Amino acid sequence: MTRVPLLSAQGLNVRYGAIQAVRGIELSINEGEIVTFLGANGAGKSSTLNALVGLVPVAEGRVLFDDQDITDLAPERLTPMGLTLAPEGRRVFGGLTVEENLRMGAYAVNDVDRRMAAWDMVYDLFPILHERRKQFAGTLSGGQQQMLAIGRALMCGPRLLLLDEPSLGLAPKIVGQIFDLIALLRERDVTLGIVEQNVAMALEVADRGYVMAAGRVVATGTAEELRQTDRLRAAYLGEE
Amino acid sequence: MDLFVQQTVNALALGGTYALLALGLAVVFSIMGLINFAHGELMTISGYTLMYCGILGVPFAVSVPLAILAAVLAAVAMERIAFRPVRGGSGATMLITSFAVAMILQVLFQNLISARSQAVALPQILSQSVHLGNVIIGVNKIAAIAATVLMLIFLDRFMNRQKTGIAMRAAAEDFAVARLMGIRANTVIAGAFAISGLLAGVAAVLWVSQRASVDPLMGFTPVLKAFIAAILGGLGSLRGAVAGGFMLGFIEVYLAAFLPQEFQEFREPIGLGLVVLILLFRPNGMIPSRFLGLIKV
Ligand SMILES: Nc1ncnc2c1ncn2[C@@H]1O[C@H](COP(=O)(O)OP(=O)(O)O)[C@@H](O)[C@H]1O
Ligand SMILES: [Mg+2]
């Protein structure tokens, strides 16, 4: 079966001045899949996601989304096309209310019906956000802020949602809730790319994964395959 | 007591003008980290528009909106021509750019209009006053306070209810993430400049209404004061800018009114000393911005 991936990157390189964070990565995400990106701190996972959505420039390589070349497109152009990212560290707008945060998430959606559907979906997935909608986002707990960050990203009705470390710094019980949610999102036809430190849980929800070390992909395969290879552990230990 | 009421009205009128100017500086600063020293020249442009309208016999009710519009258009043009090319540059680069813009405009005013102060025709009513008991209040003061209140209400509504206003608050907090929402950098930055122009235009009309004259350096002093007010309130914080503007207005007016005669000479240094004293206790200003120090653009 040959199908065109929803998103693919070829020979992706990212540099910050003299630092080369991503070194010639190949990756693809198919419609309906959950793909996870694993690897130790500093492996280049965030740089990869940020480059895909145009937050950091692509030094070399090509990114295709839905058969279009999006290599040099700014993030504000990609959101309306259905590609967005919930960035590492949540980064909710603390001085805006929960409702205002979500409203900003739907900023690019002009169709009223689609916007209403997004409000319904997000408040349905996260009743707590509805309860707290008048509260400033800065006053929410870490777990609630993460839910808001994901909810906000969902408001634009993305076809592909990238999540950068959604479980970062959360209590184990909350982490469980976040992963339950990720499983729910799959049922709602959202394709997901997830960067995670929590390898076990990530491989449990994901279909496939990429293991990164020092800016390169050092292993790839189905979640099942990755669970069994040594390369995964090697990548975390910094060997290649 | 009557004198106190009267001076309080004066302080509100002056402080309100400072507040509008400081707010204009703060809106731009909060979004792109630029302290726009050419903000004063937006005032001057409004002032000259009023002057020319007066010469041409345009009714005041028409020349006021025209003067405000001139400042808005000038602010948007300033962003487009001077600040867009240096966007994302260091704070110093942008600051120097704004100095350059201010100087170029000042030289243009001096050479194309006049280096000297020009009279601005104002309607009679502005120089009249109303008597409330024993208190005499100038109509221009009442107009200034009313205009300030209306502008603050308008801005509050805009920033809290309008999609573009909320997007400006979001962008001020985290520009990169705002862009992830589909918010365009050009939209919020042009919006910030348009609002700063609107505020400078209104402030200019109020300023000229108290003085009936305009000169090429007209904007310098009030914007320097507004800058002090913005720092006093907490640079980058909109509420802080308003609080700082009023605080500075009160300090100046009360010192002028109630400081003993022999100290009047030292009024300005005493006033600035009070500002320094407040900053000593609140180094980030009275109402600090929570987001200062985060990356812009
Ligand atoms: N904005 C930046 N400026 C300079 N270096 C950066 C920046 N962001 C990341 N890096 C560097 O790039 C490398 C990859 O970082 P990152 O993509 O954040 O990795 P990960 O998300 O896998 O932890 C690291 O060496 C990091 O120090
Ligand atoms: Mg990371």
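Residues numbered from 1 in each chain as written. Chains lettered and ligands numbered in written order. Predicted model: local features only at pLDDT ≥ 70, side-chain atom pairs only at ≥ 80, totals over all residues. Heavy atoms only, no water.

**Student:** I keep staring at the coordination of the magnesium ion (ligand 2) and nothing clicks. Help me out?
**Tutor:** Note on metal geometry: ideal angles are 109.5 degrees for four donors arranged tetrahedrally and 90 or 180 degrees for six donors arranged octahedrally. Looking at the metal site, the magnesium ion (ligand 2) is ligated by A:Ser46 (OG) and A:Glu88 (OE), spaced 2.0 to 2.1 Å from it. In this pair, A:Ser46 sits in helix H1 (residues 45-52) while A:Glu88 sits in the loop between strand E6 (83-86) and helix H3 (98-105), placing the two residues 42 residues apart along the sequence. (Donors = N, O, S within 2.8 Å, 3.2 Å for Na, K, Ca; no water. Helix = DSSP H or I, 4+ residues; strand = E, 2+ residues; numbered from the N terminus.)

**Student:** I tried to follow the interface of chain A and chain B on my own but got confused; where do I start?
**Tutor:** Put simply, an interface is often sized by how much accessible area is lost when its parts join up. Contacts between the two partners involve 24 residues from chain A, matched on the other side by 23 residues from chain B. Three residues stand out in chain A for area buried against chain B, namely A:Glu76, A:Phe93 and A:Tyr107, and they jointly supply 33% of the buried area on that side. In this assembly, chain A and chain B are joined by 3 salt bridges. With a closest N to O distance of 2.7 Å, A:Glu76 and B:Arg179 form a salt bridge. The interface formed by chain A and chain B holds 10 residue pairs in polar contact (both at pLDDT 80 or more) in total. Where the side of chain A that touches chain B is concerned, the elements lending two or more residues are helix H2 (75-78), E6 and H3 of chain A. In terms of residue count, H3(A) provides more of the side of chain A that touches chain B than any other element does, 4 residues in total. (Contact = heavy atoms within 4.5 Å. Buried area = accessible area lost by both parts, 1.4 Å probe. Salt bridge = Lys/Arg side-chain N within 4 Å of Asp/Glu carboxyl O. Polar contact = N/O pair within 3.5 Å; in protein donor to acceptor, adjacent residues only side chain to side chain.)

**Student:** What is the right way to look at the site of ligand 1 in this model?
**Tutor:** Residues and elements named next belong to chain A. Taken together, Tyr16, Ile19, Ala21, Ala40, Asn41, Gly42, Ala43, Gly44, Lys45, Ser46 and Ser47 form the complete shell of residues around ligand 1. A distance of 2.7 Å separates an oxygen atom of ligand 1 from a polar side-chain atom of Ser46. In the complex, the protein chains occlude 61% of the 560 Å² of accessible area that ligand 1 would expose alone. Every element with two or more residues in the shell around ligand 1 is listed here: strand E2 (19-29) and H1. Considering each element in turn, the shell around ligand 1 owes the most residues, 3 residues, to H1. Broken down by class, the residue content of the shell around ligand 1 amounts to 5 nonpolar, 5 polar and 1 charged. (Near = heavy atom within 4 Å. Areas by Shrake-Rupley, 256 points an atom, 1.4 Å probe, with all protein chains shown as cover. Nonpolar A, V, L, I, M, F, W, Y, C, P; charged D, E, K, R; others polar.)

**Student:** Is there a simple way to explain the nonpolar core in this structure?
**Tutor:** Soluble globular proteins tend to pack their nonpolar side chains together in the buried interior. A:Leu7, A:Leu52, A:Leu83, A:Met104, A:Leu162 and B:Met168 are the most contacted members of the largest nonpolar core, which totals 128 residues. The contact partners of A:Leu52, leaving out residues within four places of it in the chain, are A:Leu7, A:Ala9, A:Leu12, A:Leu27, A:Val63, A:Ile70, A:Leu78, A:Leu83 and A:Leu162. Residues A:Phe126, A:Met147, A:Ala149 and A:Ile150 belong to the second largest nonpolar core, which totals 39 residues. (Core = buried A, V, L, I, M, F, W, Y, C linked by side-chain atoms within 4.5 Å. Buried < 20%, exposed > 50% of the residue type's maximum accessible area, 1.4 Å probe, protein only.)

**Student:** Looking at this structure, how should I read the confidence of the model for chain B?
**Tutor:** Any region with low pLDDT has predicted coordinates that should not be read closely. Residue and element names in this part refer to chain B. Chain-level pLDDT for chain B is 92 on average; 97% of the residues reach the 70-or-more range. Per-element confidence in chain B ranges from a low mean pLDDT of 88 for strand E2 (residues 129-132) to a high of 97 for helix H3 (residues 60-83). Contacts from residues 292-297, a stretch scored under 50 in pLDDT, to residues over four places away or in other chains number 15 contacts. (pLDDT = per-residue confidence, 0-100.)

**Student:** What is the right way to read the layout of surface pockets from this model?
**Tutor:** Over the atoms a probe the size of a water molecule is rolled, and this reveals where empty space is left. All names here are of chain B. Empty space within the second largest pocket amounts to approximately 440 Å³. Together, 24 residues line the second largest pocket, and Leu14, Tyr18, Lys225, Glu252 and Val253 are the ones closest to its centre. Secondary structure elements with two or more residues in the lining of the second largest pocket: helix H1 (2-32), helix H8 (185-211), helix H9 (220-233), helix H10 (238-258) and helix H11 (267-281). Taken together, the residues of the lining of the second largest pocket sort by class into 13 nonpolar, 5 polar and 6 charged. (1 Å grid on protein atoms, 1.4 Å probe; cavity = no way out; pocket = protein on both sides within 12 Å on 5 of 7 lines; lining within 4 Å. Points joined across faces, edges and corners; volume = space filled by probe spheres on them.)

**Student:** What am I meant to see in the packing of aromatic side chains here?
**Tutor:** Both the distance between ring centres and the angle between the ring planes are used here to describe each pair of aromatic rings. Residues and elements named next belong to chain B. According to the stated counting rule, one finds 11 aromatic pairs over all chains in the structure shown. Summarising the aromatic geometry, the rings of Phe83 and Phe193 are spaced 5.6 Å apart at their centres and angled 25° between planes, so their arrangement reads as stacked. Separated by 110 residues along the polypeptide, Phe83 in helix H3 and Phe193 in helix H8 bring together distant segments of the chain. Accessibility expressed as a relative area gives 0% for Phe83, which makes it buried. Phe193 sits in the buried class, given a relative accessible area of 0%. A network of ring pairs unites the aromatic residues Phe4, Phe250, Tyr254 and Phe258 as a single cluster. Directly above the aromatic system of Trp207 lies the positively charged group of Arg211, at a separation of 3.6 Å from the ring centroid. (Phe/Tyr/Trp six-rings, centres within 6.5 Å; stacked < 30°, edge-to-face > 60°. Lys NZ or Arg CZ within 6 Å of the ring centre and 35° of its normal.)

**Student:** Help me out: how do you make sense of helix H7 (residues 172-187) of chain A in this one?
**Tutor:** Owing to its 3.6 residues per turn, the α-helix brings residues three or four apart onto one side. Residues and elements named next belong to chain A. When the terminal C-alpha atoms of H7 are compared, their 24 Å separation across 16 residues agrees well with the 22 Å that a helix rising 1.5 Å per residue should span. Along H7, the residues classified as buried are Val175, Gly176, Ile178, Phe179, Leu181, Ile182 and Leu185. Buried-residue contacts for H7 involve strand E3 (34-38), helix H4 (112-125), helix H6 (142-154), strand E7 (160-164), strand E8 (191-195) and helix H8 (199-205). Two residues or fewer after H7 comes Asp189, characterised by a positive phi angle close to 65°. (Expected span 1.5 Å × (residues − 1).)

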